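# Inside the fold
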Amino acid sequence: MKMTKKGAALLSAAAVAGALTGAAAQAQDKEFTIAVSIPAATHGWTGGVVYHAQEAEKQLEAAFPNIDVIVSTASSATAQVSSLEDLSATNKLDALVILPFTSEELTGPVEQIASNGTFITVVDRGLADPSIQDLYVAGDNIAVGANTAKWLVDKLGGQGEIVVLRGIPTVIDDERIKGFQDVIDQSDIKILDIQYANWNQDEAFSLMQDYLGKYPHIDAVWANDDDMLLGVIEAVDQAKRDEVQYMLGGNGMKQVIEMVKAGDERTPISTPYPPSMIASAMYMTAAQFAGQAPMRGSFKLDAPLITPENADQFYFPESPF
Amino acid sequence: MSSAEVATLPESEGFRIRWGDLAPFIALGVIILLGTLINSNFMSANNILNVITRSAFIAIIGVGATFVIATGGLDLSIGSMLAFVVGIMIMAMNALAPALGAWAIPAGAVVALVVGSLCGLLNGLIVTVGRIEPFIVTLGTMGIFRALITYMTDGGSLSIDRSLRNAYRPVYFGDFLGIPYPVLITLAIALLGAFILYRTKYGRRVTAVGSNADVASFSGVHVSRVRTMAFVIQGFCVAVAAICYVPRLGAATPTTGQLWELQVITAVVIGGTLLRGGKAHIWGTVAGALILEVIANVMVLSDMVSEYLVAAVQGAIIIIAMLAHRFTSTR
């Protein structure tokens, strides 16, 4: 429930976005108002989103004194809809940067705001009607799976037996798994098992213990998220299974990037689906107003492999994720 | 598994052995049999030890929940409380590590026990002094504890100091004479719980309050005190579970212990404790926790169920187990 510094004191936990008026009062000498609506920090990745949004807010306001940024977090799709209503009722919004909780529920409310002439930037999850947005910034989940799979096929010499842990049943999870499977299917690598561990460290630990009990030989593991990877590593270490050559995750979590930087033999790479994409979106939106840089269209962040050589670019030691 | 069953018998000596009381153990036996038939790896020593060790958290918290539920209460905050206690414990250990070295671990454990008991006391006092339904009170504290751990971790994760990690790790992964420490701790907590519940005056008052609070009150039982104490026991058990939990992954995240309250309540009810209170089965709760963990394990080991349907099969097995329980106990 961390919001703008200005608004934070006024807010009670329940009235998620009811009191952002405090920010508006201070915005008199500001020419442009950019509202940022994101999910609250309920797990590692959204924790990173909140962190990067707050950092970008500070940096943008320092760099462009005429821009006022308001960051608002919401703990559910309904709360996000209310927060949008409150934001637009109490401010004249020049731009809205939104990472929607769900596509369908948020489409109507965002369209409402767009009809007032507000510049709309959508991040990560697309709206049901893409014509509403002026700018779309997202990561590439298919590439997260595909790039990891390509690396793995190469390292295993196109054969071997692997297990996969997937997250919570969502489009994000489906796309990663699809990207991964499509590449693996073209090789002789066999996927022994795929089960849900809900992007949760504890569940990943249990599931990996069970995989290790079920299969006497596993060459590599792919947990499609770095949070789960940490649970997997504990389970493999406990079982002392030396034949597991590679344990890979995805997302670019701080602890895992540290392992990549240190040249870990079993986790030498990760693939980014960086929460900092919210910051990319905020900068691009600000450029539309502060600079002479028109920013319309779709921007897809690539998911290049994070290796010891480039890990520094993806490493944010202060971020919670 | 067998250790829990064997240990049951001396504990229930004071009662007539009824088939209904044995139902959870029979259900556990049936599921174990199924598991053995489905995959030969199921009975391997490693798999059995993994599963029993993993069930320790739910079993330990379940012992406390048995007290709360037996008094006619309900605690929905336990999963969040666990996460909160884990967070406080990690922060305390990290802060004490430079000064105390490895002694920061026992010191942190004591902090956890105190904080856990206080969290339980808070729940208990709001329920009894405030005269509010435990469902509502603990729903509220569930949100509070969950928000606090999210705040403490900034939505990310809170890790234990590297210098303590290796010293603390054996508490989950180590063993004594081949029995993992979490299993021993579960047995100790269950024995203690069974002793309090079946052999002390307080224990008899717990079930008396649960079966009829008015009658208990007329016969001179201080109902509020009994109920509050049950919540304190619950908080203490949560802290013990936290002490076993931290050495496993060494971190707290906002999803730590999420939905564990449902697993714990399920384990308690499968174990034969009445949800409306008045009847308590500590060893049944332990069996219930094992049943849940074994079902999950068998689901992964079997190739019969699509990954999309695992939860449905788990739910069906739990309902079937409860129906079997009903038929055996009305006999």
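Just above, that's the structure.
Quick look at the structure, then. (Residues numbered from 1 in each chain as written. Chains lettered and ligands numbered in written order. Predicted model: local features only at pLDDT ≥ 70, side-chain atom pairs only at ≥ 80, totals over all residues. Heavy atoms only, no water.)

Let's shift gears to the interface of chain B and chain A. Counting residues at the interface gives 35 residues for chain B and 32 residues for chain A. Of the roughly 2600 Å² buried at the junction of chain B and chain A (both faces included), carbon and sulfur atoms supply 44%. The three residues of chain B that bury the most area against chain A are Leu249(B), Val300(B) and Glu307(B), which together make up 23% of that side's buried surface. Note that Glu234(A) and Arg165(B) form a salt bridge whose closest N and O atoms lie 3.1 Å from each other. Between chain B and chain A we count 14 residue pairs in polar contact (both at pLDDT 80 or more) in total. Residue assignment for the side of chain B that touches chain A shows that the elements contributing at least two residues are helix 3 (45-54), helix 7 (134-153), helix 8 (162-168), helix 9 (170-173), helix 13 (223-249) and helix 15 (282-301) of chain B. For the side of chain B that touches chain A, the leading source of residues is helix 15 of chain B, giving four residues. In terms of residue class, the side of chain B that touches chain A is made up of 13 nonpolar, 14 polar and eight charged. (Contact = heavy atoms within 4.5 Å. Buried area = accessible area lost by both parts, 1.4 Å probe. Salt bridge = Lys/Arg side-chain N within 4 Å of Asp/Glu carboxyl O. Polar contact = N/O pair within 3.5 Å; in protein donor to acceptor, adjacent residues only side chain to side chain. Helix = DSSP H or I, 4+ residues; strand = E, 2+ residues; numbered from the N terminus. Nonpolar A, V, L, I, M, F, W, Y, C, P; charged D, E, K, R; others polar.)

For the rest of this paragraph, the subject is a positive patch on the surface. Residue and element names in this part refer to chain B. Together, Lys201, Arg204, Arg205 and Arg225 line one region of the surface with positive charge. No other element matches the three residues that helix 11 (residues 201-211) contributes to the positive patch. As for its placement among the helices and strands, Arg225 is situated in helix 13. (Patch = residues over 30% accessible without salt bridge, like charges linked within 9 Å, V, L, I, M, F, W, Y side chains within 5 Å. Areas by Shrake-Rupley, 256 points an atom, 1.4 Å probe, with all protein chains shown as cover. Lys, Arg positive; Asp, Glu negative; His and termini not counted. Charge placed at Lys NZ, Arg CZ, Asp CG, Glu CD.)

Our next topic: the nonpolar core. Core analysis: the largest hydrophobic core is formed by 164 residues, its most contacted members being Leu165(A), Met208(A) and Ile218(A). When residues in this core are grouped by element, the largest group, 16 residues, is from helix 13 of chain B. Mapped onto the domain boundaries, this core takes at least three residues apiece from domain 1 (5-139 + 274-302) and domain 2 (141-261) of chain A. In this view, Ile218(A) contacts Glu161(A), Val163(A), Leu192(A), Met208(A), Tyr211(A), Leu212(A), Arg241(A), Glu243(A) and Val244(A); residues no more than four positions away in its chain are not counted. (Core = buried A, V, L, I, M, F, W, Y, C linked by side-chain atoms within 4.5 Å. Buried < 20%, exposed > 50% of the residue type's maximum accessible area, 1.4 Å probe, protein only. Domains from an automatic or database assignment.)

Let us look at helix 15 of chain B. With 20 residues, helix 15 of chain B ought to run about 28 Å at 1.5 Å a step, and its terminal C-alpha atoms sit 29 Å apart, in line with that. Of all 20 residues that make up helix 15 of chain B, 19 are buried, and the element is covered over most of its length. (Expected span 1.5 Å × (residues − 1).)

If you walk through the whole model with that rule in mind, you get 15 aromatic pairs over all chains. An angle of 25° between the planes, with centres 5.4 Å apart, marks the rings of Phe84(B) and Phe145(B) as stacked. With Phe84(B) in helix 5 (residues 78-100) and Phe145(B) in helix 7, this residue pair connects regions lying 61 residues apart in the sequence. Cluster of aromatic residues (ring-pair linked, three or more members): Phe205(A), Phe57(B), Tyr172(B), Phe173(B), Tyr245(B) and Trp260(B). The ring of Tyr273(A) carries Arg176(A) above its face, with NZ or CZ at 5.1 Å from the centroid. (Phe/Tyr/Trp six-rings, centres within 6.5 Å; stacked < 30°, edge-to-face > 60°. Lys NZ or Arg CZ within 6 Å of the ring centre and 35° of its normal.)

Time to look at the side chain of Asn47(B). With respect to the element layout, Asn47(B) can be found in helix 3. With near-sequence residues (within four places) excluded, Asn47(B) lies in contact with Asp210(A), Asn41(B), Phe42(B), Asn297(B) and Leu301(B).

Further remarks concern unusual backbone geometry. With a phi close to 70°, Asp124(A) is a non-glycine residue in the positive phi region. Not every positive phi belongs to a glycine, and Arg131(B) is a case in point at roughly 50°. Tracing the backbone through its elements, the reader meets Arg131(B) in the loop between helix 6 (104-128) and helix 7.

Residue and element names in this part refer to chain A. Overall, parallel pairing links the six strands, which are arranged 2-1-3-4-5-10 in an open sheet. The open sheet has two edge strands, strand 2 (67-74) and strand 10 (297-300), and neither has a second partner. Each strand of the sheet is rotated relative to its neighbour by a mean of 15°, with strand direction disregarded. Bridge count for strand 1 (residues 32-39) against strand 2 is eight bridges, and the pairing is parallel. (Pairing = 2+ DSSP bridges. Axes fitted to C-alpha atoms, helices over the stretch in contact; angles between N-to-C directions.)

With that settled, consider the pattern of salt bridges. Residue and element names in this part refer to chain A. By the definition in use, this model includes 17 salt bridges over all chains. With a closest N to O distance of 2.9 Å, Lys214 and Asp193 form a salt bridge. Here the residue Lys214 occupies a position in helix 8 (residues 201-214), and Asp193 occupies one in strand 7 (residues 188-196), the gap between them amounting to 21 residues. Just as Lys214 is buried, Asp193 falls in that class too. Beyond isolated ion pairs, a larger network of salt bridges with shared partners links Arg166, Asp173 and Asp174.

All names here are of chain A. The topology assignment puts Leu165 in strand 6 (residues 159-166). Leu165 sits 29 residues away from Ile194 along the chain, and the two C-alpha atoms are 5.7 Å apart. In contact with Leu165, not counting residues within four places along its chain, are Gln195, Ala197, Ala204, Leu207, Met208, Tyr211, Val221, Trp222, Ala223, Asn224, Met228 and Val232.

This brings us to the sheet that holds strand 7 of chain A. All names here are of chain A. Spatially, four strands are ordered 7-6-8-9 in an open sheet, and the strand pairing comes out parallel. Strands with a single pairing partner mark the edges of an open sheet, and in this sheet they are strand 7 and strand 9 (246-248). Averaged over all pairs of adjacent strands, the angle between their axes in this sheet comes to 15°, without regard to strand direction. One ladder, built from eight bridges, connects strand 6 with strand 7; its direction is parallel. Looking across to strand 7, one finds that Gly160 is bridged to Ile189. Sitting on the sheet, helix 8 touches strand 6, strand 7 and strand 8 (220-223), and the angle it makes with strand 6 is about 150°.

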